[in-house]
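Observations on the model geometry
Listed here are the chains, written in short residue letters.
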Amino acid sequence: MANVKQQLHEKILAWRPRTEKLLKEYGEVVVDKVTISQIIGGMRDIKSLVTDISYLDPEEGIRYRGYTLGQVFELLPKPKGAEMPYVEGLYYLLLTGDIPNSTELAEIVDEFNKRRILPRYVYEVIDAFPCCSHPMTIFSTAILSMSRESFFNKKYHAGVNKLDYWDPTYEDALNLLAKLPEIGAYIYRKIYRDGKRIQSNPNLDMGANFAHMMGIGAPYDEVTRMNFILHADHESGNVSAHTGHLVASSLSDVYLAISSMINGLAGPLHGLANQEVLRWLQDVSEKMDGKVPTVDEMKQFVWDTLHSGQVIPGYGHAVLRKTDPRYSFQREFCQKNLPDDILFKYTDLLYQVVPDILREQGKAKNPWPNVDAQSGIIQWHYGVTEYDFYTVLFGIGRAIGICANIVWDRALGYSLERPKSVTTEMLEKIAMGAKSED
Ligand code: HAX
């Protein structure tokens, strides 16, 4: 058994009794109540999922395996001369809970490297798409097409023991994650460049390899590492993570689950918001003839959007109640590396005006910016101006966390997901019953 897998196996064996004890001895303990507004309102805030990969605090933001983003970027090992850590090291952290030492890092980097080559048919699937297909549709389908490679499916049909489901899932997850940069970069080259594939370089880490295959020089490798790490996980209830978990809970393989989560991520209220931010900013830029608007002009653009019944992309969040630390991290990157970029100036101006306006409007529970408000500006600055592509970048990152989750879902034997639905009439009766008790 390989070393990473061996370590993971030991952690799984040590963890299982905790889950078993909770189920056997405390299974009937009440964790949360459910209100009618939560049932109609997208199950907001109901504590009904469990994950140890990351935790999202409404005030503080995300922690990966207990580490704040600042700690993750500081503690994870970095390629020589780089400021941003190895993405592979992050996967090791999410999977095992530990910061990898140099041997562990070398091993996980090697695992990614040797699994990166794409089957030929995946290029053909991408090539077969009609023009104007959205990159997220192509990305999802390319991933889906590889379900035939699933090691889990083969083992399942051969009759593998339930306790060992995690093992072939671990293989599928690594096989898929290692290939995502190749798929993403090829889609980019195909749609927006000359269509010629740039071969991956086995001497480069995942982030640098992606930059290389995109055809973009340094420091885009740093941008790529930062981007994949920042987007990797946001606990389990968001649409993409939840979809990945839900689909995998029926024992669908990792390819089917990750393709599905990509479809959820492709919605404008979720991951597609990063492209919507750029679309919105471009619209402002056109109306301003490229000049930076005054504070009052920017306020007017924001109000115009709200009055036309649209949301301000990149602002608000279902859980967070403060500025997203992923936004702050990228803002600091911009302040350091692209302070004079005109779009960064627009974004900073928005940061000055939007929270007050959303508060004045009085609808959004969180008036602060989220991760998507800043990510596209950085891509644009480094030459990726095709904003339809931005959510693919998000998707490569997000797959890392969801894959780690699915491996642990299988290791701890989490059940098929199956919440109960009720009819409107039933809710009305419950409501009337509660009223007559008042
Ligand atoms: N602009 C205008 N109105 C907003 C708003 C925004 N940015 N954010 C929330 N609202 C509105 C909602 O549309 C809702 O209006 P209605 O009562 O008319 O339906 C009201 O405020 C209450 O919404 P909420 O409870 O604060 O927010 P939700 O949990 O329902 O939704 C969203 C959270 C992220 C979907 C929401 O804030 C939004 O639409 N934001 C803009 C899109 C966006 O940036 N999405 C990315 C979020 C981060 C993410 O998942 N990245 O992938």
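Attention in this report is confined to the structure presented alongside it.

Definitions and cut-offs
Residues numbered from 1 in each chain as written. Predicted model: local features only at pLDDT ≥ 70, side-chain atom pairs only at ≥ 80, totals over all residues. Heavy atoms only, no water. Axes fitted to C-alpha atoms, helices over the stretch in contact; angles between N-to-C directions. Helix = DSSP H or I, 4+ residues; strand = E, 2+ residues; numbered from the N terminus. Parallel < 35°, antiparallel > 145°, perpendicular 65-115°, else oblique. Contact = heavy atoms within 4.5 Å. Nonpolar A, V, L, I, M, F, W, Y, C, P; charged D, E, K, R; others polar. Buried < 20%, exposed > 50% of the residue type's maximum accessible area, 1.4 Å probe, protein only. Core = buried A, V, L, I, M, F, W, Y, C linked by side-chain atoms within 4.5 Å. Salt bridge = Lys/Arg side-chain N within 4 Å of Asp/Glu carboxyl O. Near = heavy atom within 4 Å. Polar contact = N/O pair within 3.5 Å; in protein donor to acceptor, adjacent residues only side chain to side chain. Areas by Shrake-Rupley, 256 points an atom, 1.4 Å probe, with all protein chains shown as cover. Pairing = 2+ DSSP bridges.

1. What about the packing of helix 14 (residues 273–287) against helix 18 (residues 372–381)?
- Where helix 14 contacts helix 18, the two axes come as close as 8 Å, and the packing angle between them is 70°. With respect to helix 18, the element helix 14 is oriented roughly perpendicular. Note on element contacts: helix 18 touches helix 14 through Asp372, Ala373, Ser375, Gly376, Ile377 and Trp380, opposite Ala273, Asn274, Val277, Leu278, Leu281 and Gln282.
- Residues of the contact of helix 14 with helix 18, tallied by class, amount to seven nonpolar, four polar and one charged.

2. Concerning the environment of Asn274
- Within the fold, Asn274 resides in helix 14.
- With relative accessibility at 2%, the residue Asn274 sits in the buried group.
- Each C-alpha atom, one on Asn274 and one on Pro313, is 7.5 Å from the other, the two residues being 39 residues apart in sequence.

3. Thoughts on the environment of Thr305
- Inspection of the secondary structure assignment puts Thr305 in helix 15 (residues 295–307).
- As a C-alpha pair, Thr305 and Ser102 span 203 residues in sequence and 50 Å in three-dimensional space.
- Setting aside its immediate chain neighbours within four residues, Thr305 contacts Trp280, Gln310, Val311 and Ile312.

4. A closer look at the nonpolar core
- Judged by nonpolar contacts, the single largest core of 122 residues is most densely connected at Leu90, Tyr91, Phe139, Ile183, Tyr220, Ile258 and Ile400.
- With 14 residues, the top contributor of residues to this core is helix 19 (residues 390–411).

5. Some thoughts on unusual backbone geometry
- Cis peptide bonds are those with omega within 30 degrees of zero, and the linkage from Ala218 to Pro219 qualifies with 5°.
- Along the chain, Pro219 turns up in the loop between helix 10 (206–214) and helix 11 (220–230).
- For Arg65, which is not a glycine, the phi torsion comes out positive at approximately 50°.
- Tracing the chain through its elements places Arg65 in the loop between strand 2 (61–64) and strand 3 (67–68).
- A relative accessible area of 16% means that Arg65 is categorised as buried.

6. Observations concerning the pattern of salt bridges
- Taken as a whole and assessed by the stated rule, the structure comprises 25 salt bridges.
- In this structure, Glu59 engages Lys322 in a salt bridge whose closest nitrogen and oxygen atoms are separated by 2.9 Å. Of this pair, Glu59 sits in the loop between strand 1 (54–57) and strand 2 while Lys322 sits in the loop between helix 15 and helix 16 (325–337); the two residues are 263 residues apart in sequence, bridging distant segments of the chain.
- Residue Arg331 is joined to Asp348 by a salt bridge in which the shortest nitrogen-to-oxygen separation is 2.7 Å. Here Asp348 lies in helix 17 (residues 342–361) and Arg331 lies in helix 16, a separation of 17 residues in the sequence.
- Accessibility expressed as a relative area gives 18% for Asp348, which makes it buried.
- When salt bridges that share partners are traced, they join Lys5, Asp110, Glu111, Lys114, Arg115, Asp167 and Glu171 into one network.

7. Let's talk about the site of the ligand
- Contacts to the ligand come from 22 residues, most closely from His270, Gly314, Tyr315, Lys365 and Asp372.
- Here Arg44 contributes a side-chain N or O atom positioned 3.0 Å from an oxygen atom of the ligand.
- Between an oxygen atom of the ligand and a side-chain N or O atom of Asn370, the distance comes to 3.0 Å.
- In isolation the ligand has 900 Å² of accessible area, and contact with the protein removes 76% of it.
- When its residues are assigned to classes, the shell around the ligand shows 12 nonpolar, six polar and four charged.

8. Notes on the pairing of strand 1
- What you see with strand 1 is a clean split: Ser54 and Leu56 sit on the buried side and Tyr55 and Asp57 on the side with no burial.
- As defined by bridge partners, strand 1 adjoins strand 2 across four bridges and the pair is classed as antiparallel. Within strand 2, the position partnered with Tyr55 by the bridge is Arg63.
- The antiparallel hairpin formed by strand 1 and strand 2 contains three residues in its connecting segment.

9. A look at the environment of Ile396
- Locating Ile396 in the fold gives a position in helix 19.
- Taking C-alpha positions, Ile396 is 19 Å from Gly314, a pair spaced 82 residues apart along the chain.
- Excluding its chain neighbours within four sequence positions, the residues that come into contact with Ile396 are Phe139, Leu180, Pro181, Gly184, Met206, Phe210 and Phe228.

10. Quick notes on the pairing of strand 2
- Inspection of the sheet shows strand 2 paired to strand 3 by two bridges, in the antiparallel sense. When the sheet's bridge partners are listed, Tyr64 is paired in strand 3 with Tyr67.
- Here strand 2 folds back onto strand 3 in antiparallel fashion, the turn holding two residues, of which Arg65 has a positive phi close to 50°.

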